[in-house]
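Observations on the three-dimensional arrangement
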Amino acid sequence: MRKVIMGNHAVSYGVRACDVKVLSAYPITPQTQVVELLSEMCASGEIDAKFIKVESEHSAMTACVGASAAGVRAFTATSAQGLLLMHEVLHWAVGARLPIVLANINRAVGPPWSIWTDQNDSLSQRDVGWLQIYCESNQETQDTIVQAFKIAETVKLPVMLVLDAFFLSHTFEIVDILEAKDVRKFLPPYVAETKIDVDDPHSFGNLGSPSEYFELRYMIQKAMEEARDVVKDVDIEFKEHFGRGYGVVHPYRCDGADVILVTSGTVASTTRAVIDEMRDEGIKIGSLKIRLFRPFPVEEVYEVLSKAKKVAVIDRNISFGHHGIFFQEIKSALYGRTDVPIFGYITGLGGRDVTPKVIREIADRAVSDEKQERDINWIGVKV
Amino acid sequence: MIEIRTHGRGGQGAVIASEILADAFFREDKFVQAFPAFGVERRGAPVMSFTRISDSEIRERCQIYEPDHLIVLDPILIETVNVTSGLKEGGWIIINTNRSMEESELTRKFKVAAIDANTIAIKYGLGSRATPIVNTAILGAFAGATKLVSLDAVLTAIGEFVPAKKENNRKATEEAYNSVITIE
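Residues numbered from 1 in each chain as written. Chains lettered and ligands numbered in written order. Predicted model: local features only at pLDDT ≥ 70, side-chain atom pairs only at ≥ 80, totals over all residues. Heavy atoms only, no water.

Let us look at the sheet that holds strand S3 (residues 46-54) of chain B. Reading across from one edge, S1(A)-S8(A)-S2(B)-S3(B)-S1(B)-S4(B)-S5(B)-S6(B)-S7(B) is the order of the nine strands in this open sheet, with mixed pairing throughout. Lying at the two open borders of the sheet, with one neighbouring strand each, are strand S1 (2-6) of chain A together with strand S7 (181-183) of chain B. Averaged over all neighbouring strand pairs, the angle between strand axes comes to 20 degrees, with direction disregarded. In this sheet, strand S8 (residues 172-176) of chain A lies alongside S1 of chain A in antiparallel orientation, the contact comprising five bridges. Following the sheet pairing, Lys-3 of chain A is matched in S8 of chain A by Val-175 of chain A. (Pairing = 2+ DSSP bridges. Helix = DSSP H or I, 4+ residues; strand = E, 2+ residues; numbered from the N terminus. Axes fitted to C-alpha atoms, helices over the stretch in contact; angles between N-to-C directions.)

This is the structure in structure tokens:
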């Protein structure tokens, strides 16, 4: 059924179709409607899940850890300070190899208090061992939730789905809503290999001595590396079932492009309109959306960007004292393999609007200026 | 693509108006997008929301700065906020007012449609006398004046989006559709 719904409800509808048994969350703007609708679905019996009310995000993630360890699907959603409060338990979910799915609505971190979007909340969790997938439309958001459970359960690692506050979370658009009966053929009921079971007692989360811990970390990295292919395969399989696929990266008009803009989230969508406008003017430009951020799709990125003469990375985030975070990732992915110049642009922090005009300014600078500061260019900052 | 910006005050239903409008166009097989200008909503404070309508996929995901048409839920906003900022010449301004717009300066550059949505909303018990909820009435005026979307589609969308008093909301929409005064 096609319906006009908000981005947050696209998350809820995705979860509704996945036979999730435990939901736990603490309300925070701009995530609120995700769990609002899910709690209504729980109350009405539309989904057969337990909604655990908690006093903090730390407890919400802990409830998900417990539920997942007991062998059922668990989901939570949060934003900004809420995600940061979960930080300790995010590590736990990885170390315990629990396939939890979390939706993080990108919200700038305070102070000063902000409810508007930027990516510093999710990107500050880069190294915890969660997969991260950035979405740009409500349809992709709903579909990615379903993919996320399948990916998580295949590689035994948690998955974080990321969407922009308001520009996606509160934007209404048409979504083809998935039904549980159809999703079941793609995502069968979850059967955990190991779980807490009173009839078959084991020790969970015990001490790992130096003779064991190292190997367990190695296995997490191997699972992450395996996840690169799993994310791709699951997307292909999803497309076979539902006719929609998204890839781990999305190149747009990159054939013969001299300049390629690297984007993520809703900016990726707006950028494609700018690319068309510039192509119409005869400028050889394309864009590459990074959908999968962890594990980083190094080969796919190299394959597209190595053919360009210049790469311009748009970051709605900043690693203070260094650069934009996607910029660092792109540099690291291409290091030693190509000498294509890479320029970094910071814009849109704290929800500052990234309009076609802003993207055009970045694109024009990337096209024309050979000598600009490569690593960090601030777009629209008033100082 | 058609871009519409809605101006109102917290509590008048501006945000839901933009969503109903998007849903109405969706029912006529258009691609649609609607979202609010994200503030920390307060009753009475100026708010904005946006609607995009297109025959093809909508890729722009940012606020609307050069709208084709405007919907104004509170006429006082014209004096306090630069509501016509960026409005394209010849575009429609659908305005909730009980005054005649014949002499208004707005009519020089824009097409103006006036509707006394407050009176209609109060008549059908929508909101309170002090703060009537005028969003469904003004959408009737939008459909009646612009003819960009059918009354039926708007009424269906109201059924989908309005949580209470659906029938009275529909009546308000129909009355506004039939009584809107246009100055072209």
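Here the narrative resumes.
Residue and element names in this part refer to chain A. For helix H7 (residues 138-155), built from 18 residues, the straight-helix expectation of 26 Å at 1.5 Å per residue is met to within 8% by its first-to-last C-alpha distance of 25 Å. In terms of burial, H7 is a largely internal element, 17 of the 18 residues being buried. Looking one or two residues beyond H7, the residue adopting positive phi is Lys-156, at roughly 55 degrees. (Expected span 1.5 Å × (residues − 1). Buried < 20%, exposed > 50% of the residue type's maximum accessible area, 1.4 Å probe, protein only.)

Here we come to helix H9 (residues 210-242) of chain A. Residues and elements named next belong to chain A. Along its 33 residues, H9 runs 46 Å from first to last C-alpha, staying within 8% of the 48 Å computed at 1.5 Å per residue. Most pronounced at Ala-227, the bend in H9 amounts to some 35 degrees. Those residues of H9 that sit buried are Ile-220, Ala-223, Met-224, Ala-227, Val-230, Val-231, Val-234, Asp-235, Phe-238 and Phe-242. On its buried face, H9 is in contact with helix H5 (87-95), strand S6 (131-134), H7, helix H8 (180-186) and strand S12 (292-294). Of the residues one or two after H9, Gly-243 is the one with positive phi, at around 80 degrees. (Bend = angle between axes of the 7 residues up to and from the residue. Contact = heavy atoms within 4.5 Å.)

Moving on: the interface of chain A and chain B. At the junction of the two partners, chain A supplies 26 residues and chain B supplies 22 residues. Buried surface at the junction of chain A and chain B, both sides included, amounts to about 2,000 Å², of which 60% is carbon and sulfur. The largest contributions to the chain A side of the interface with chain B come from Val-4, Phe-167 and Phe-172 of chain A, which together make up 27% of the buried area. Our count for the contact surface shared by chain A and chain B stands at three salt bridges. (Buried area = accessible area lost by both parts, 1.4 Å probe. Salt bridge = Lys/Arg side-chain N within 4 Å of Asp/Glu carboxyl O.)

Where nonpolar side chains cluster on the molecular surface, the patch consists of Leu-216, Tyr-218 and Met-219 of chain A and spans about 320 Å² of accessible area. Of note, Tyr-218 of chain A is situated in helix H9. (Patch = residues over 30% accessible without salt bridge, like charges linked within 9 Å, V, L, I, M, F, W, Y side chains within 5 Å. Areas by Shrake-Rupley, 256 points an atom, 1.4 Å probe, with all protein chains shown as cover.)

Turning next to the environment of Ser-264 of chain A. Residues and elements named next belong to chain A. Structurally, Ser-264 is set in the loop between strand S10 (259-263) and helix H10 (265-280). Sequence-wise, Ser-264 and Phe-242 are 22 residues apart; in three dimensions their C-alpha atoms are separated by 24 Å. Beyond its immediate sequence surroundings of up to four residues, Ser-264 is in contact with Gln-119, Ile-290 and Phe-326.

According to the stated counting rule, one finds zero disulfides over all chains in the structure shown. In this structure Cys-18 of chain A is not part of a disulfide, and its nearest cysteine sulfur, from Cys-135 of chain A, lies 13 Å away. The thiol sulfur of Cys-62 of chain B is not disulfide-bonded, and the nearest other cysteine sulfur, from Cys-135 of chain A, lies at 19 Å. Cys-62 of chain B gets classed as buried once you look at its relative accessible area, which sits at 2%. (Disulfide = S-S within 2.5 Å.)

Our focus in this paragraph is the domain arrangement of chain A. Many analyses report the size of an interface as the accessible area lost when the parts associate. Residues and elements named next belong to chain A. For chain A, the domain assignment lists domain 1 (2-242) and domain 2 (249-378). Between domain 1 and domain 2, the residue contacts involve 29 residues of the former and 30 residues of the latter. With both sides pooled, the region where domain 1 packs onto domain 2 buries about 2,400 Å², and carbon together with sulfur makes up 51% of that total. Here Glu-136 makes a salt bridge to Arg-272, at a shortest N to O gap of 2.5 Å. Taken together, domain 1 and domain 2 are joined by 20 residue pairs in polar contact (both at pLDDT 80 or more). At the level of secondary structure, the elements contributing two or more residues to the side of domain 1 that touches domain 2 comprise helix H6 (120-123), S6, H7 and H9. (Domains from an automatic or database assignment. Polar contact = N/O pair within 3.5 Å; in protein donor to acceptor, adjacent residues only side chain to side chain.)

Every regular strand shows the same layout, with side chains that alternate between the two sheet faces. Residue and element names in this part refer to chain A. Counting buried positions over the six residues of strand S13 (residues 310-315) gives six, a clear majority of the element. With burial as the criterion, each face of S13 is covered, one bearing Lys-310, Ala-312 and Ile-314 and the other bearing Val-311, Val-313 and Asp-315. Here S10 pairs with S13 via four bridges, running parallel. What sits directly across from Val-259, in S13, is Lys-310. Both S13 and strand S14 (residues 342-346) contribute to a ladder of five bridges, which runs parallel. Paired with Asp-315 across the two strands is Ile-346, which belongs to S14. Once the chain exits S13 it traverses helix H12 (residues 325-334) before rejoining the sheet at S14, and the crossover so formed is right-handed. (Right-handed = clockwise from strand over helix to strand, strands pointing away.)

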